[in-house]
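Each chain is listed here by its residues.
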Amino acid sequence: MEIKVLHQIMDWNEDVSAEVKATLAAHNICMINVMGSPGAGKTSLITSLIGKLKDRFRIGVIEGDIAGQVDADRIAALGIPTVQLNTDGACHIEAMSIQHILPCLPLEELDLIFVENIGNLVCPAEFRIGESLRITLLSIPEGDDKVEKYPLMFTDTDCLVLNKYDMLPHFDFDEQRVCANYETVNPDAPLFRISSRTGEGLDALADFIARKSESAAG
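Residues numbered from 1 in each chain as written. Predicted model: local features only at pLDDT ≥ 70, side-chain atom pairs only at ≥ 80, totals over all residues. Heavy atoms only, no water.

Moving on: the overall build of the protein chain. For the protein chain, the count of helices and strands is eight helices and seven strands. At 17 Å, the protein chain has a C-alpha radius of gyration in line with the 17 Å of a compact globule built from 218 residues. Referenced to the eigenvectors of the C-alpha coordinate spread, the extents of the protein chain come out at roughly 50 × 45 × 35 Å. Looking at the protein chain residue by residue over its 218 residues, the buried ones come to 48%. For the protein chain, the distance from the average position of its 18 positive side-chain charges to the average position of its 34 negative side-chain charges is 4 Å. (Helix = DSSP H or I, 4+ residues; strand = E, 2+ residues; numbered from the N terminus. Rg over C-alpha atoms; globule rule 2.2 N^0.38 Å. Buried < 20%, exposed > 50% of the residue type's maximum accessible area, 1.4 Å probe, protein only. Lys, Arg positive; Asp, Glu negative; His and termini not counted. Charge placed at Lys NZ, Arg CZ, Asp CG, Glu CD.)

This is the structure in structure tokens:
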């Protein structure tokens, strides 16, 4: 019975996800789902990418957190339309929440929407939210075993960001292990080595997002 209920919930989320995607397509908006662990650097990455992309795209942000609005305040301070989505304990964002929150953004004035998902390497990978592009972060301090431990997160993504790459000399992190495991589960998706602090790799990731966004928006 539990398996049947879970299947029904997932089907319902997929239906709403398709509705969200249709709404965004009608406005020629590409929505990007940014996923990763707590502390992986999702907000810093989004902030850095806004700096790289704001002259080419009109950008909005949906900030997902269990509670609080610290990250949303940080993004809004850049002059970016931002909506805080608090899940009140839920470990992921669902498509219904995005559907409810989209009217709070000026869709006619946007080309890109970044969604910062809840910090978690499990649940967010299981729920589509109407996005056109998925980005998964793995920061160097987290360790090199995460692709093996949480394969779905790294299988069902459009690219992997090795974040905080400038910290590589300070941690016992086997980069070759991560690359090999990622190649096994997701051979066609690129990997980017990024440091939001130094700017390393940001141009390449921004260009990748720009190409994907323009393609998704038609």
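Let's pick the thread back up.
Taking strand neighbours across the sheet as the criterion, the seven strands line up as β3-β2-β4-β1-β5-β6-β7 in an open arrangement whose pairing is parallel. At either end of the open sheet lies a strand with only one pairing partner, and these are β3 (82-86) and β7 (191-193). Taking each pair of neighbouring strands and ignoring which way they run, the sheet shows an average axis angle of 20 degrees. As defined by bridge partners, strand β2 (residues 59-65) adjoins strand β4 (residues 112-116) across five bridges and the pair is classed as parallel. From the neighbouring strand, Val-61 faces β4, where its bridge partner is Phe-114. Sheet strands touched by helix α7 (residues 175-185): β5 (133-139), β6 (159-163) and β7. Its angle to β6, the strand with the most contacts, is close to 170 degrees. (Pairing = 2+ DSSP bridges. Axes fitted to C-alpha atoms, helices over the stretch in contact; angles between N-to-C directions. Contact = heavy atoms within 4.5 Å.)

Now for the pattern of salt bridges. Applying the stated criterion across every chain, the model contains 13 salt bridges. Of the charged contacts in the structure, one is a salt bridge between Asp-203 and Lys-52, with a shortest N-O distance of 2.9 Å. Remark: Lys-52 occurs in helix α2 (residues 42-53) and Asp-203 occurs in helix α8 (residues 202-216); sequence separation between them is 151 residues. Classification of Lys-52 by relative accessible area gives partly exposed; the value is 38%. For Arg-197, the salt bridge is made with Asp-166, and the minimal N-O distance between the two is 2.9 Å. Of this pair, Arg-197 sits in the loop between β7 and α8 while Asp-166 sits in the loop between β6 and α7; the two residues are 31 residues apart in sequence, bridging distant segments of the chain. Overall, Asp-166 belongs to the partly exposed group, its relative accessible area being 21%. Here the salt bridges do not stand alone but share partners, grouping Arg-128, Glu-131, Arg-134 and Asp-156 into one network. (Salt bridge = Lys/Arg side-chain N within 4 Å of Asp/Glu carboxyl O.)

Next up on the list: unusual backbone geometry. Here the phi dihedral of Asn-28 falls at roughly 55 degrees; this positive angle occurs in a residue that is not glycine. Relative to the helices and strands, Asn-28 is located in the loop between α1 (2-26) and β1 (30-35). Although it is not a glycine, Lys-164 adopts a positive phi angle of roughly 60 degrees. Its place among the elements puts Lys-164 in the loop between β6 and α7.

Here we take up a negative patch on the surface. A surface patch of negative charge is lined by Asp-11, Glu-14, Asp-15 and Glu-19. With respect to the helices and strands, Asp-11 occurs in helix α1. (Patch = residues over 30% accessible without salt bridge, like charges linked within 9 Å, V, L, I, M, F, W, Y side chains within 5 Å. Areas by Shrake-Rupley, 256 points an atom, 1.4 Å probe, with all protein chains shown as cover.)

An ideal rise of 1.5 Å per residue puts 21 Å on 15 residues; α8 measures up with 21 Å between its terminal C-alpha atoms. Where α8 is concerned, the buried positions are Leu-202, Leu-205, Ala-206, Phe-208, Ile-209, Ala-210 and Ser-213. As for α8, its buried residues are in contact with β1, α2, β4, β5, β6 and β7. (Expected span 1.5 Å × (residues − 1).)

Our focus in this paragraph is the packing of α2 against α8. Between α2 and α8, the shortest axis-to-axis distance is 10 Å and the interhelical angle comes to 75 degrees. When the interaxial angle is binned, α2 and α8 end up roughly perpendicular. Side by side, α2 and α8 meet where Leu-45, Ser-48, Leu-49, Lys-52 and Leu-53 of the first sit next to Leu-202, Asp-203, Leu-205, Ala-206, Ile-209 and Ala-210 of the second. Of the residues belonging to the contact of α2 with α8, the class tally is eight nonpolar, one polar and two charged. (Parallel < 35°, antiparallel > 145°, perpendicular 65-115°, else oblique. Nonpolar A, V, L, I, M, F, W, Y, C, P; charged D, E, K, R; others polar.)

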